[in-house]
Amino acid sequence: MNPATAPSPPRRLRADAARNQQRIVAAARELFAEHGLEITLDDVAEKAGVGVGTVYRRFANKKELIAEVFEQHVGEFAVAAEDAAQHPDPWLGLVQFFEYACRHLANNRGFSEVMLELEEDPERFAALRDRIKPTVAAVIDRARDAGTLQPEIEPSDFFALIHMVDALAEFAKPVNPDVWQRYAAIMLNGVRADSIPRMPLLVAPLNDDEVEIAKAHTCLGRRR
């Protein structure tokens, strides 16, 4: 039979394949968020409710799946940054994106690990990073130009602050998964211009017992 006249594959199969891929990526996102990168493609297949062979047909190895998940996250961060850059109040736009980024990292154990993994693929990592970097810079610049952010603050400071909150969130998660919000507010208060009201500290600090439990949990994790 002439290949040009060969019948196309049934549309149903293509739709099934697309649905399977969506289920696989959704399962991987959930597992990476909860357990980090220690999961296997077998774990993903079980979570997605598909056969392991189906996973391997879509993704040759775990790194390909990691890259797909990371690309989705970056796309969502890009949308969040664009929304923040369009906020009518430049300071509140900055607060909106900072809180989004901190919440995303605090609730997603695997995201930081995924970024480290993708740094081994510098071209792809740079392309994904450059997709979001200019918009985040615009959020910072708007707040600075409006006089609501200290003039010395740069976008690189913003990323550093987010990772500080992420480190605290990881430390406190066993005893208080929401306490990161307190330290996010403290950091925002530290970079705001003097004319802007301080963020309220709506979450109580860790008490002494919680600090000791969190420290013990951290040490236990390092010994494993």
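Before reading on, note that the structure itself is shown above.
We now turn to the structure provided with this report. Bear in mind that the values here come from a model prediction, so they are computed numbers and not experimental data. (Residues numbered from 1 in each chain as written. Predicted model: local features only at pLDDT ≥ 70, side-chain atom pairs only at ≥ 80, totals over all residues. Heavy atoms only, no water.)

1. A closer look at the environment of Asp209
Note that Asp209 resides in helix α10 (residues 208-223). On a C-alpha basis, the gap between Asp209 and Val175 in space is 9.4 Å, while along the polypeptide they are 34 residues apart. (Helix = DSSP H or I, 4+ residues; strand = E, 2+ residues; numbered from the N terminus.)

2. A closer look at the packing of aromatic side chains
Scanning the entire structure with this criterion turns up six aromatic pairs. Ring geometry for Phe77 versus Tyr100: centroids 5.2 Å apart, planes at 75°, classification edge-to-face. Residue Phe77 is found in helix α4 (residues 62-85), and its partner Tyr100 is found in helix α5 (residues 90-106); the two are separated by 23 residues along the sequence. Arranged with centres 6.3 Å apart and planes meeting at 25°, the rings of Phe97 and Tyr100 form a pair that is stacked. Here Tyr100 and Phe97 lie together in helix α5, a separation of three residues that amounts to about one turn. Given a relative accessible area of 1%, Phe97 falls into the buried group. Classification of Tyr100 by relative accessible area gives partly exposed; the value is 27%. (Phe/Tyr/Trp six-rings, centres within 6.5 Å; stacked < 30°, edge-to-face > 60°. Buried < 20%, exposed > 50% of the residue type's maximum accessible area, 1.4 Å probe, protein only.)

3. Re the side chain of Arg182
Relative to the helices and strands, Arg182 resides in helix α9 (residues 180-191). Notably, Arg182 is buried but unbridged: the nearest opposite-charge side chain belongs to Glu210, and the N-O separation is 10 Å. Among the polar contacts listed, one links the side chain of Arg182 to the backbone oxygen of Val203, at a separation of 3.0 Å. What Arg182 contacts, discounting residues up to four positions off in sequence, is Leu201, Val203, Ala204 and Pro205. (Lys, Arg positive; Asp, Glu negative; His and termini not counted. Salt bridge = Lys/Arg side-chain N within 4 Å of Asp/Glu carboxyl O. Polar contact = N/O pair within 3.5 Å; in protein donor to acceptor, adjacent residues only side chain to side chain. Contact = heavy atoms within 4.5 Å.)

4. Looking at the pattern of salt bridges
One pass over the structure, following the stated rule, counts five salt bridges. For the salt bridge of Asp141 with Arg144, the shortest nitrogen-to-oxygen distance reads 2.9 Å. Pair noted here: Asp141 and Arg144 are both in helix α7 (residues 122-145), with a separation of three residues, about one helical turn. Take Arg144: its relative accessible area is 19%, and that puts it in the buried class. For Glu212, the salt bridge identified is with Lys215, shortest N-O distance 3.4 Å. Separated by three residues within a single helix, Glu212 and Lys215 lie in helix α10, roughly one turn from each other. Classification of Glu212 by relative accessible area gives partly exposed; the value is 46%. In this structure, a network of salt bridges that share partners links the residues Asp141, Arg144 and Glu154.

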